[in-house]
Each structure stands twice: as structure tokens, then as C-alpha cells.
Amino acid sequence: MSTAQGLPAPVLDASAAQPSFSAQAQARFARHGARLSQLLAVLYGQRDDFQPWLSGFLAQLADIERARSGDLRELDERRMGAPDWLARGSGVAYSCYVDRFAGTLPAIRERLGHLRELGVQLLHLLPFLKMREGANDGGFAVSDFAEVQDGLGSISDLAELGAALRGHGISLMADVVLNHVADDHPWAKAAMLGDEARQGYFLTFGDRSEVEAIEAHLDQVFPDQAPGNFTWNPALKRWVWTTFFEYQWDLNYQNPEVFAEMALAMVRLANLGVEVLRVDSAPYIWKRIGTDCKNQPEVHVILKALRVILDIVAPATRMNAEAIVEREEILRYFGDGLPECSLAYNAALMAATWASLARASASMVRQTALATPQLPAGCAWVNYVRCHDDIIWNVLRRDIETRGQDYVQLIGAVTDVLHGSAAATQSRGVPSQRHDPLHGTSGMTAELVGLRAGDEASLRRYALVYGVAFAMPGIPLIYMGDEFGQGNAAVTPGQEADDTRWLHRPEFDQAAMAQRHVPGSTPQRVFSLMQWFRQMRQRLRDNDSGQGAEVIAGLSDALFGLRRGPCRVLFNFSESEQSVELPAGRWKLYAPWQSQPRIVSDGLRLPEHGQAWLLPEPAL
Ligand code: GLC
């Protein structure tokens, strides 16, 4: 197949299909339509029915486009005039479960004051579409892409919330779960009843030995709870490809109908005012048997085609790649020449920050930052500390092994610390897979740093991990509860055994919220820390003229230092005070209250896990 850059000649001039878009979209279609048909021809062009399929798909797309609201069309126009709007935003991202955070979609409006106090620009609501009854992977097993889950609200509530958030300068981000549907989704149900067209939406196999041959090349996402990648289905009398839980059926993107259905579902969400689509489990959507079936070139062709579709139908909308893979692979999701996703999770930096904290050495975070290039214009990292998922250590494997280090030994030592099994550790993390502690780590930030009320050292660790996320170029993400230093959710032993990620689903802490301005309380200290970081981030951005960050060379193993224009930020990952020479010039020293760094005659002293933000004098 051709890569997206070396696109084959179009099999069909998309404009020949003459879909009836609105006048504005027609102009965009005239500009981008040929690229769309080229991309889709890479995937489906060899099929005899490609041309009628494409015409039919474009006609459906045009129907949805014509239904786009006047408000969103205005937003489209504004955003087309500022295509880097997302990356340039000055706020932070916040990620939460609707029920835990507010109860329902309409009730989120009651939390607008809170979001504004934190300076939120991007609100990620974890899955709220109709989900599988019973176990549903936190809503990532979707039963209907066009309905909101009972109890959370309705589709019109979603549209109203999107508009209300927009009125406050907040963009709504929602998941589009591309890789799979729940086994009670109508497509899966129809397939089980013998509908051959729907059976073609899934990847099923009759022969156990065939499945075993494929399995030999695959990793496992939940080896304890959902071993293997295939599930026997008695109704189909076949093995169904189920990368995640057995009730999440992987979709077959070799079938153009699947692409069309999912693209239309995505555009409908955009029409409801979702401004950023979090492309869930992106690496897995295209399978190439005999490989690990991740990050295949066709994944990027699909995402580029989706991006063109958005550029035609809902150009105010952007995609955020959820690709928790090695750094080099994540980078491809920003597009190589042709636009793809505008955001991606900086999974390698996140894991490296935790590994550095656990090792009391800045080397991992420094090497990761050094190896991370400038992103294409308009793109940004989502820099996060924790999220609803466990920390997946594998994202560091290639880097560690390339440096000739022993992955098992190194990450084994890191997880011993974070899981509280090493001597003298304060961490209270939990292995996400009991049989393989190196697989992942669960726990809220407060647990992983061993936060204790009144314990300055633990507060400094909290500030250290969040400080890196705010100091690096990108959009810092606060995971719900982290703005108060909230600990793990109370779970039953059954829930924890079933999925340790239940620990990341705490109820919004009203008591902490009430204390957030009570001087000296932990919620106040953490909440003000987040506000402080946001201001400091803005100062760095105001001064770095868009040049990004440079890693400061020549520091000791304990220290991670960044240069942002004339500004410097220094982090001490070690457990002892560190001295560092100040560069020539006059500096104004800023630090979160926890850090207490000092400028002394021969330089700067940083306490254990301390940090210093240096701006040239006079203060800029
Ligand atoms: C993503 C989500 C995760 C979910 C998985 C399967 O990785 O972040 O929570 O389990 O996709 O949908």
C-alpha cells in the first residue's frame, strides 16, 4: 500500500459524486475532496464497489453537514481564521467522569465556576454515551453512539452543555471509541442473530489454530482480567477479536461500511458541539496479521481521512490521539506532512517523570525530553500526570533498551518503589496486573507521591510531578480530584480485583472544595499550586516566542532543567539538597510555596524534590 504521503492517483474525483453540502462546506469540499478520495482509495480503492460506496458515504456526510447549527458554523469560520487555536490556548485541560464530577451532563454547569477558577480551556468528559449494561470498561464499551447513557442526560443536554461551556471559553472533549463496540451494540446483536452484513463489521475466526497463530504476535492489555485477544462466541460459533475486554468487539476497518459508520458517528458528535474528539485506542484500529497489530500505516490513513472529513464538515473540530505507545510512534499521530491529530497524550514523558521520581534521578525524564522534537504547527502535547488509566510502563521500553539498559531490572525497581514494596518508599500505588507488576501502576497522584497532610516533603513530590507537566510545552491536564490532592476512590475488593482503575473514580470531593481557600489545608495548598503553575506556565509562554523548550545540558543526574526563551525551570528529582550554578545575569526566583529554593552567593540551592522557576530581572 502507499503511505499517505505517496498517495496514489485518485480513483475517483470526489467532486464527481456531487454531494449536496451547504455553500460553505461545498467550497471546502472543492479544496479537500480529492485528498479524501485519495486517502480512502488507499484503503478501499481496489474494491469494485468503491465508487458507489464513496458517493453514498459523501451523500450521508452532506446530510449531516447541512444539519450543523448556525453557532457551530460561526465557530467554524472563526477557527479557520486561527487554525492553531487549540495549541495556543492559555488554559489547562481537565478530565473527569460525568457522574463522579457532577452527577449528570446538565449538572456540569454547576461546576463551571470551579473549572474557571482552575483556568480550564478543555474539558474531557470520560465516556457518557450509552454503555453496555453491567461491566463496561468505564463506559468504553459503547452500545449506541447516538444516545447518552440513562441517568446522565440526553443528546440535547449534551448540545446545551457544549454551548454553555463554549460561552465560557471552554471546549468540550469527548471520546470517540473507534476500535470496538460493546457486545450489546445493535451491530453485535444483529451479527449474533445471523445478519451477515453485520458479521462483516467484526473480525471473527472459526479455527482455533488460526487464532493462536495471530495471538502469538500480540500483546495483552489486561492479562489478568481479560487474557488473550480473542473470545469464543457461542452464537456465532466463532472466535471474536476482542483486544480489550471480552465484551468489547473490535471493528473491522477493512470493511468500508465500518469506516463510514464510525466517521458519521464522529461527525454527529462534532455537530453536537464536541470540539475535540479523543480518538480512543487509536493504534489498534487496523490489524495486520503477523504483526503486533498496533500503529499500522493504515491507522494513519484512517485518521488523516477523518481529519479531512472534519475539515470539510466541522472545521472547528480537532482530534486528540490516545496512543499510549512509544514516543516515536506517538509522534506519527501528529501527521507526517498531511494533518492528522492536533493533540496526543505525552505518555512517555508522563511515565518517565514517575520513573525519575522513583529512581531519585532525573535521567529518564531528561532523556525523554531531549528525544522529543518540536511538533508541527498547530499541534500540542497533552502533558499529564495521571488519568483514568493505569501508567503503562511499556511506553519506555524501546528507549530503555536502546540505551542498553535492562528494562525488567529498571522498571522492576521503579514499580517496587511506586507499589510501596521497596524499603523507605512513601508511595501507595497498586500494580494494575497482579501477575505482572511491571505491566502498569494504578493510583491517584496523592497515593503515588505518598501525600500526607502537613508533610512538606510529600507536597514537594506532588509539585514536582505536576511542575514538569506545566513547564513542558503543551497543554497540562489535571485529572479530577488532583486539584485537591484527593486519594484513591473507596472501592470494594471485588472491584479492585476486577479492575484497579476503579481507584481512579473518586466522587467529586465537596469537603475539599469547601476548603480550597482555607489557608494551610491540603486542598488549599494543592489547589493554589495548580493556579500558581498555570500563571507560571503563561509567563513561560509569553517569553519563549513559540520556540518550545530546550533541555539544559551539563546538570547533575539529580536535576532536570528546561530553558524556555530567557526563562529557566529546574527540578530536583533527588532526595537531597542540590546546588546549581546560576547563569550570568540577574534572576527573579519563583517557586511554589513547597519548594523553598534559595539563591546564595555561589548559586541556587534546591531542597529535596524542590523546583525553581527563574525569570530574568526585571520581571518580564
Ligand atoms: C483507552 C481508554 C481505556 C479503555 C481502552 C479501551 O485506552 O483510555 O480506559 O479501557 O481505551 O476502550
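Residues numbered from 1 in each chain as written. Predicted model: local features only at pLDDT ≥ 70, side-chain atom pairs only at ≥ 80, totals over all residues. Heavy atoms only, no water.

On to the pairing of strand E18 (residues 475-479). Buried residues dominate E18, accounting for five of its five residues. Residue alternation in E18 divides its side chains into two sets, Ile475, Leu477 and Tyr479 and Pro476 and Ile478, and both sets are buried. Pairing analysis gives three bridges linking strand E1 (residues 92-96) to E18, with the strands arranged parallel. Counted as the bridge partner of Tyr94 is Ile478 from E18. (Buried < 20%, exposed > 50% of the residue type's maximum accessible area, 1.4 Å probe, protein only. Helix = DSSP H or I, 4+ residues; strand = E, 2+ residues; numbered from the N terminus. Pairing = 2+ DSSP bridges.)

As a further point, take the sheet that holds strand E16 (residues 430-431). The strand order across the open sheet built from three strands is E15-E17-E16, with neighbouring strands paired in antiparallel fashion. One side of each edge strand has no neighbouring strand; the edge strands of this open sheet are strand E15 (391-392) and E16.

In terms of domain boundaries, the protein breaks down into domain 1 (1-176 + 256-345), domain 2 (180-250) and domain 3 (542-616). If you average the C-alpha positions of domain 2 and of domain 3, the two centres end up 52 Å apart. (Domains from an automatic or database assignment.)

Looking now at the site of the ligand. Around the ligand, the surrounding shell holds 13 residues, and the nearest of these are Asp137, Asp280, Glu322, His388 and Asp389. One nitrogen or oxygen atom from the side chain of Asp280 is found 2.9 Å from an oxygen atom belonging to the ligand. Relative to its unbound accessible area of 310 Å², the ligand is 94% covered by the protein chains. Across the shell around the ligand, the residue classes tally to three nonpolar, four polar and six charged. For the shell around the ligand, the domains that each give at least three residues are domain 1 (1-176 + 256-345) and domain 2 (180-250). (Near = heavy atom within 4 Å. Polar contact = N/O pair within 3.5 Å; in protein donor to acceptor, adjacent residues only side chain to side chain. Areas by Shrake-Rupley, 256 points an atom, 1.4 Å probe, with all protein chains shown as cover. Nonpolar A, V, L, I, M, F, W, Y, C, P; charged D, E, K, R; others polar.)

Attention shifts here to the sheet that holds strand E26 (residues 611-616). Backbone-to-backbone hydrogen bonds join strands into a sheet, with any given pair of strands oriented parallel or antiparallel. Taken in spatial order, the five strands make up an open sheet running E19-E20-E21-E26-E23, and their pairing is antiparallel. Each edge of the sheet is formed by a strand with only one pairing partner; in this case those strands are strand E19 (550-551) and strand E23 (587-590). Direction of pairing for E23 relative to E26: antiparallel, over a ladder of four bridges. Among the inter-strand pairings, Leu589 is bridged to a residue of E26, identified as Leu614.

A separate point is the side chain of Asp175. For Asp175, the location among the structural elements is in strand E5 (residues 171-177). At 2.9 Å, the side chain of Asp175 forms a polar contact with the side chain of His124. Of note is the side chain of Asp175, whose polar atom sits 2.4 Å from the side chain of Arg278. Setting aside residues no more than four positions away along its own chain, Asp175 makes contact with His124, Leu125, Leu126, Pro127, Phe140, Leu269, Arg278 and Asp280. (Contact = heavy atoms within 4.5 Å.)

Turning to the pattern of salt bridges, a few remarks are in order. Counted according to the given criterion, the structure contains 42 salt bridges. Notably, a salt bridge pairs Arg132 with Asp183, separated by 2.7 Å at the nearest N-O pair. Placement of the pair is Arg132 in the loop between strand E3 (129-131) and strand E4 (142-148) and Asp183 in the loop between strand E6 (180-182) and helix H8 (186-192), with a sequence separation of 51 residues. Overall, Arg132 belongs to the buried group, its relative accessible area being 18%. Residue Arg605 pairs with Glu577 through a salt bridge whose shortest N-O separation is 3.8 Å. In this pair, Arg605 sits in strand E25 (residues 603-606) while Glu577 sits in the loop between strand E21 (567-572) and strand E22 (578-580), placing the two residues 28 residues apart along the sequence. The network of salt bridges with shared partners includes Glu326, Glu328, Glu329, Arg332 and Arg398. (Salt bridge = Lys/Arg side-chain N within 4 Å of Asp/Glu carboxyl O.)

So, on to the packing of helix H19 (residues 456-471) against helix H22 (residues 522-543). Where H19 meets H22, the closest approach of the two axes is 10 Å, and the angle between their N-to-C directions is 30 degrees. Between H19 and H22 lies a crossing whose hand is right-handed. Where H19 abuts H22, its residues Glu456, Leu459, Tyr462, Ala463, Tyr466, Gly467, Phe470 and Ala471 lie against Arg525, Val526, Leu529, Met530, Phe533, Arg534, Arg537 and Leu540. Taken together, the residues that form the contact of H19 with H22 break down as eleven nonpolar, one polar and four charged. (Axes fitted to C-alpha atoms, helices over the stretch in contact; angles between N-to-C directions. Left-handed = near helix turned anticlockwise from the far one by under 90°.)

With that settled, consider the packing of aromatic side chains. In this description, an aromatic ring pair is defined by two values, namely the gap between the centres and the angle between the planes. Taken as a whole and judged by the stated rule, the model has 31 aromatic pairs. Note on Phe230 and Trp241: the rings are 4.9 Å apart at their centroids and 50 degrees apart in plane angle, and the pair reads as tilted. Within this pair, whereas Phe230 is found in strand E8 (residues 230-233), its partner Trp241 is found in strand E9 (residues 238-241), the two being separated by eleven residues in sequence. Of the residues examined, Trp241 reaches a relative accessible area of 2% and is grouped as buried. (Phe/Tyr/Trp six-rings, centres within 6.5 Å; stacked < 30°, edge-to-face > 60°.)

This part is about H19. Spanning 16 residues, H19 covers 21 Å between terminal C-alpha atoms, matching the ideal 22 Å at 1.5 Å per step. Most of H19 is tucked away: 14 of the 16 residues are buried. Backbone nitrogen of Ala457 and a side-chain oxygen of the N-cap are separated by 3.1 Å at the start of H19; the cap is Asp455. (Expected span 1.5 Å × (residues − 1).)

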